[in-house]
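# An overview of the molecular structure
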Amino acid sequence: EPIPAAERAAALQAISDDIGDCTRCSLAYAGRRKIVFGDGSPSARLMFVGEGPGADEDVQGLPFVGKAGQLLNNMIAAMGLARAEVYIANIVKCRPPNNRVPEPVEATTCSQFLLRQIDVVQPEVIVALGSTAATYLLGVKRSLGSLRGQWHSCRGAKVAVTYHPAFLLRDPNMKGEAWK
Ligand code: URA
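The notes below deal with the structure included here. (Residues numbered from 1 in each chain as written. Predicted model: local features only at pLDDT ≥ 70, side-chain atom pairs only at ≥ 80, totals over all residues. Heavy atoms only, no water.)

### Describing the overall build of the protein
Under the convention used in this document: Numbered from the N terminus, helices here are DSSP runs of H or I no shorter than four residues, and strands are runs of E no shorter than two. For this measure, only C-alpha atoms enter the radius of gyration; the expected value for a globule follows 2.2 Å times N^0.38, where N is the number of residues. Under the scheme applied here, a residue whose accessible area is under 20% of the maximum for its type counts as buried, over 50% as exposed, and between as partly exposed, the area being computed with a 1.4 Å probe on protein chains only. Contacts are residue-level and defined by heavy atoms, with any inter-residue pair within 4.5 Å sufficient. Only the protein chains shown count as cover for residues, and all accessible areas are computed by the Shrake-Rupley method using a 1.4 Å probe.
Along the backbone of the protein there are eight helices and six strands. In terms of C-alpha radius of gyration, the protein reaches 15 Å, essentially the compact-globule figure of 16 Å for 180 residues. Taken along the three principal axes of its C-alpha coordinates, the protein extends 40 × 40 × 30 Å. With 180 residues in all, the protein has 46% of them scored as buried. Nonlocal contacts in the protein, meaning residues at least 24 apart in sequence, comprise 71% of its contacts between residues at least 6 apart. Within the structure as shown, the protein displays about 8,900 Å² of accessible surface, and the carbon and sulfur contribution to it stands at 51%.

As structure tokens, then:
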């Protein structure tokens, strides 16, 4: 049953309350400062999902606020959207030490909450940023190259897979491919 738009902010807050001061996985004991729940419109038609918080996100408690976030913000603006109109979250809500890739048990422990967020927001389209997002949204581990360029699905949303903005910062030549 879709949650009425007027009740979505409260429904997201209830998920955040469930998470609480989470100690469900080892990232709770790996130096995280803030749990990064997600950000944006509770009725967004478009959602972006990244891997996990980095150093800036860990301090501010908001997703994609560091360098990669600035690129993502610029791309959202270039699409003609405001950041506040979309919804942004990650596979894991706590920063992995040294920004390592989340372990499978960390990702699957945490992604249950992301799936609940998706069920509340009910976006039409989810953009999976990078292979960690793609792996855990789609439940398959395949190369990014083989997942790009076609529609997938997750919780009733269409899913597009593309490069992570941190990768595009390292290899700006790939921006054209990301826009496709
Ligand atoms: N990279 C991510 O995957 N997520 C963030 O929130 C920031 C950087």
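After presenting the structure, the write-up continues.
### Some thoughts on the nonpolar core
One broad trend across soluble globular proteins is that nonpolar side chains are buried collectively. Threshold: The term nonpolar core refers to a set of buried residues drawn from Ala, Val, Leu, Ile, Met, Phe, Trp, Tyr and Cys, joined through side-chain atoms within 4.5 Å.
Among the nonpolar cores identified, the biggest contains 40 residues, and V49, Y87, I91, I126, L137 and V161 are the most heavily contacted of them. At seven residues, the largest contribution of residues to this core is made by helix α4 (residues 104-121). Sequence-distant contacts of L137, defined by excluding residues within four places in its chain, comprise V49, I91, L114, I118, I126, A128 and C154. Ranked by size, the runner-up nonpolar core spans 11 residues in total, among them L46, F48, F64 and L72.

### Considerations on the pairing of strand β6 (residues 157-162)
Inclusion rule: When DSSP finds two or more bridges between a pair of strands, those strands are recorded as paired.
Looking at chain direction, strand β4 (residues 125-129) and β6 are connected through five bridges and run parallel. Note that in β6 the partner of I126 across the bridge is V159. Taken together, the three bridges between strand β5 (residues 152-154) and β6 define a ladder with antiparallel strand orientation. Counterpart to C154 in the pairing with β6 is A157. The hairpin turn running from β5 into β6, its antiparallel successor, is two residues long, and R155 in that turn takes a positive phi close to 50 degrees.

### Structural notes on the site of the ligand
Note the threshold: Throughout this document, a residue counts as near a molecule or strand when at least one of its heavy atoms sits within 4 Å of that molecule or strand. Any N or O atom pair separated by 3.5 Å or less is treated as a polar contact, with the protein-specific requirement of one donor-capable and one acceptor-capable atom, and with residues adjacent in sequence counted only for side-chain atom pairs. Ten residues, namely Ala, Val, Leu, Ile, Met, Phe, Trp, Tyr, Cys and Pro, are considered nonpolar, four, namely Asp, Glu, Lys and Arg, are considered charged, and the remaining ones, Gly among them, are considered polar.
In the vicinity of the ligand, the residues found are G50, E51, G52, E57, P63, F64, N90 and H164. Interatomic distance of 3.0 Å between a backbone N/O atom of G52 and a nitrogen atom of the ligand. At 2.8 Å, a side-chain N or O of H164 approaches an oxygen atom of the ligand. Here the ligand has 240 Å² of accessible area as a free molecule, and 91% of this is covered by the chains. The class makeup of the residues in the shell around the ligand is two nonpolar, four polar and two charged.

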